[in-house]
Amino acid sequence: MPHPIMFDDDDPYLVRLRRVALEFPDAEEQVGHGRPQFRAGASGKVFAVYGSGTKGPAATRVMYPHGLVLLPDEDDRLALAADPRVFVPAYYVPSGWIGIDLADGGTAPEDVDWQEIAELLDASYRQVAGRSRVARLDADGGPAARGLSPA
């Protein structure tokens, strides 16, 4: 039985996230487990997932419909753990993944630091993309190095 779709295609956070995530070499979006997953190539590994929640009984589980799950650099993981936007995503944490609530505290999509998100996506992409794609990213600069235009 397929998973139900757990996102709105017109979600303004997702629209902005797509603009950044799909700029990485060969990046593609696929739906997996009912959520948008960004992959390094059609059959490549996932470097980001949009939407998540914590694990546990339904009474204590917290859903993050605007959460971004990614794999940070080891050096950044400790600093991010102290960030109030960060949560422990169900199923991903044993492999070192973290979640960031893009809508933390009622933050609107235009208030998110998309440059920071681009840098975190860059780190996650580099860990799963393979040497040739990382070399292309280095040559191109990618969204984190080029900077992001507003809106």
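We now turn to the structure provided with this report. (Residues numbered from 1 in each chain as written. Predicted model: local features only at pLDDT ≥ 70, side-chain atom pairs only at ≥ 80, totals over all residues. Heavy atoms only, no water.)

1. Things to note about the nonpolar core
Core analysis: the biggest nonpolar cluster contains 33 residues, and L17, F47, L68, L102, I117 and L121 have the highest contact counts within it. Among the elements of the structure, α1 (12-21), β2 (35-40), β3 (46-53), β4 (63-70), β6 (98-101), α3 (114-128) and α4 (131-140) are those that each provide at least two residues to this core. Counting residues per element, this core draws most heavily on α3, which supplies seven residues. If near-sequence neighbours (up to four positions away) are discounted, L102 is found in contact with Y13, Y50, H66, L68, T107, V112, W114 and I117. Grouped together as the second largest cluster of nonpolar side chains are five residues, V46, V49, V69 and L71 included. (Core = buried A, V, L, I, M, F, W, Y, C linked by side-chain atoms within 4.5 Å. Buried < 20%, exposed > 50% of the residue type's maximum accessible area, 1.4 Å probe, protein only. Helix = DSSP H or I, 4+ residues; strand = E, 2+ residues; numbered from the N terminus. Contact = heavy atoms within 4.5 Å.)

2. Looking at the packing of aromatic side chains
All chains considered together, the criterion is met by four aromatic pairs. Here the aromatic rings of F24 and F47 are separated by 5.6 Å at their centres, their planes lie at 65 degrees, and the arrangement is edge-to-face. In this pair, F24 is assigned in the loop between α1 and β1 (27-32) and F47 in strand β3, connecting sequence segments 23 residues apart. Residues F24 and F47 agree in their burial class; the two are buried. Plain terms: the ring middles of F47 and Y125 are 5.2 Å apart, the flat faces sit at 85 degrees to each other, and that makes the pair edge-to-face. Here the residue F47 occupies a position in strand β3, and Y125 occupies one in helix α3, the gap between them amounting to 78 residues. For Y125, a relative accessible area of 0% translates into the label buried. By the ring-pair criterion, three or more aromatic residues cluster together here, those being F24, F47 and Y125. (Phe/Tyr/Trp six-rings, centres within 6.5 Å; stacked < 30°, edge-to-face > 60°.)

3. Concerning the sheet that holds β2
If you trace the six strands from one edge of the open sheet to the other, you get β1-β2-β3-β4-β6-β5, paired in antiparallel fashion. Two strands bound the open sheet, and with one partner strand each, they are β1 and β5 (86-87). Pairing between β3 and β4: five bridges, direction antiparallel. Its bridge partner being in β4, G53 is matched across the sheet by M63. Each of β1, β2, β3 and β4 is contacted by α1, which is oriented at about 5 degrees to β2, the strand it contacts most. Docked against the sheet, α3 engages β2, β3, β4 and β6, running at close to 125 degrees with respect to β3. (Pairing = 2+ DSSP bridges. Axes fitted to C-alpha atoms, helices over the stretch in contact; angles between N-to-C directions.)

Everything listed here is a matter of geometry and, on its own, says nothing about what the molecule does.
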